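Results of the structural survey
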Amino acid sequence: MADITLISGSTLGSAEYVAEHVAEKLEEAGFSTETLHGAELDELSPDGIWLLVTSTHGAGELPDNLQPLLDAIDAQQPDLSQVRFGAIGLGSSEYDTFCGAIKTIEAALIAQGAKKIGDRLEIDVTQHEIPEDPAEEWVKNWINLLK
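Every chain's residues receive numbers from 1 upward, in the order its sequence appears when written. In keeping with the model being predicted, local features are shown solely for residues with a pLDDT of at least 70 and side-chain atom pairs are shown and tallied solely at 80 or more, while totals for entire chains, interfaces and linings include all residues. Side-chain calculation: all heavy atoms of the structure are included, whereas hydrogens and water are not.

- The protein appears in an unreviewed UniProt entry as FMN-binding protein MioC from Chimaeribacter californicus.

**Some details on the overall build of the protein**
- A run of H or I in DSSP counts as a helix once it spans at least four residues, and a run of E counts as a strand once it spans at least two, with each numbered from the N terminus. Scanning the protein for helices and strands turns up four helices and six strands.
- Mapped from its N terminus to its C terminus, the protein presents α and β elements in the order β-α-β-β-α-β-α-β-β-α.
- Atoms counted for the radius of gyration: C-alpha only. Globule rule: 2.2 Å times residue count to the power 0.38. By the compact-globule yardstick of 15 Å for 147 residues, the protein fits well, its C-alpha radius of gyration being 14 Å.
- Taken along the three principal axes of its C-alpha coordinates, the protein extends 35 × 35 × 20 Å.
- For every residue, the accessible area obtained with a 1.4 Å probe (protein chains only) is divided by the maximum for its type, and the residue is called buried under 20%, exposed over 50%, and partly exposed between those limits. Put simply, the protein has 147 residues, and 50% of those count as buried.
- By definition, residues are in contact when any of their heavy atoms lie within 4.5 Å. In the protein, once contacts between residues fewer than 6 apart in sequence are set aside, the share between residues at least 24 apart is 81%.
- Note on areas: these come from Shrake-Rupley sampling with a 1.4 Å probe, and a residue is covered only by the protein chains present in the view. Carbon and sulfur atoms make up 45% of the accessible area of the protein, which totals about 7,200 Å².
- Of note, the protein has its 8 positive side-chain charges centred 11 Å away from the centre of its 27 negative side-chain charges. Positive residues here are Lys and Arg, negative ones are Asp and Glu, while His and the chain termini are left out of the count. To locate a charge, take atom NZ for lysine, CZ for arginine, CG for aspartate or CD for glutamate.

**A short note on the nonpolar core**
- Of all hydrophobic cores here, the largest spans 25 residues; its most connected members are Ile7, Trp50, Leu52, Leu69 and Leu109.
- At the level of secondary structure, the elements contributing two or more residues to this core comprise strand 3 (49–55), helix 2 (67–76), strand 4 (84–91) and helix 3 (100–111).
- Residue contacts for Leu69: discarding those within four places in its chain leaves Ile7, Ala39, Glu40, Leu41, Leu44 and Ile105. We define a nonpolar core as any set of buried Ala, Val, Leu, Ile, Met, Phe, Trp, Tyr and Cys residues linked to one another through side-chain atoms lying within 4.5 Å.

**Details of the UniProt feature "domain: Flavodoxin-like" (unreviewed entry) in the protein**
- UniProt positions are given in the numbering used here, feature names are shortened, and annotations may be inferred rather than shown by experiment. UniProt tags residues 4–143 as "domain: Flavodoxin-like" (unreviewed entry).
- Summarising residues 4–143: 35% helix, 23% strand, and an end-to-end C-alpha distance of 11 Å.

**What to know about helix 2**
- Residues of helix 2 that are buried: Leu69, Leu70, Ala72 and Ile73. In a view along the axis of helix 2, the buried residues occupy a sector of 160°, so they form one face of it.
- In the stretch just after helix 2, Gln77 is the one whose phi turns positive, near 45°. The arc refers to the directions leading from the helix axis to the C-beta atoms.

**Quick word on unusual backbone geometry**
- Of note in this structure, Gln77 is not a glycine but carries a positive phi near 45°.
- Overall, Gln77 belongs to the exposed group, its relative accessible area being 53%.
- The backbone of Cys99 sits at a positive phi, close to 55°, despite the residue not being glycine.
- Relative to the elements of secondary structure, Cys99 occurs in the loop between strand 4 and helix 3.

**Let's talk about the packing of helix 1 (residues 14–28) against helix 4 (residues 132–146)**
- The axes used here are C-alpha line fits, helices contributing only the stretch in contact, and every angle between their N-to-C directions lies in the interval 0 to 180 degrees. Contact pair helix 1 / helix 4: the axes reach a minimum separation of 10 Å and the direction vectors enclose 40°. For the element pair helix 1 / helix 4, the angle class is oblique. Crossing handedness for the pair helix 1 and helix 4: right-handed. In this structure, helix 1 uses Tyr17, Val18, His21, Val22, Lys25 and Leu26 to contact helix 4, whose residues at the interface are Glu132, Ala135, Glu136, Val139, Trp142 and Ile143.
- In this classification, Asp, Glu, Lys and Arg are treated as charged, Ala, Val, Leu, Ile, Met, Phe, Trp, Tyr, Cys and Pro as nonpolar, and every other residue, Gly included, as polar. The residue inventory of the contact of helix 1 with helix 4, partitioned by class, reads eight nonpolar, one polar and three charged. For this classification, under 35 degrees means roughly parallel, over 145 means roughly antiparallel, 65 to 115 means roughly perpendicular, and everything else is oblique. Left-handed describes a crossing in which the near helix is turned anticlockwise from the far one by less than a right angle; the clockwise case is right-handed.

What follows is the structure, encoded as structure tokens:
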């Protein structure tokens with residue numbers, strides 16, 4: 001089992017690129033990782049460290065490849081009290097629902113007992129042409145919270 005499971009939700013691929021970049025940085029720091037682009041609940045360990053990376057689609061919705069995970073959490077209400085997680089959202093501040101998807105999935109995890117590690121990173125794609133850059137800076141600090 002990997003030390004950290006990265007779960008990405010993406011419509012156009014940006015969140016997948018960020019997740020893969022962050023996974024590289026975690027591995028450089030000595031962690032083993034597994035990256036799932038659009039995870040199903042039964043694929044995830046109920047007692048690990050998860051790092052969610054998702055863009056926001058439409059009017060604040062999750063991307064299609066992450067919606068089944070949220071639906072399963074809502075329907076099954078699993079005990080996630082042994083899960084610790086981090087959260088990275090991508091979005092455009094031009095919309096009222098800026099980073100709405102990461103806020104939605106984060107709230108669902110916390111409602112089931114998961115514990116958030118550190119602050120959520122919200123990447124404004126109108127401010128960061130390369131979203132991997134702020135994610136790389138954020139993950140350096142997040143790694144320190146894991147120790």
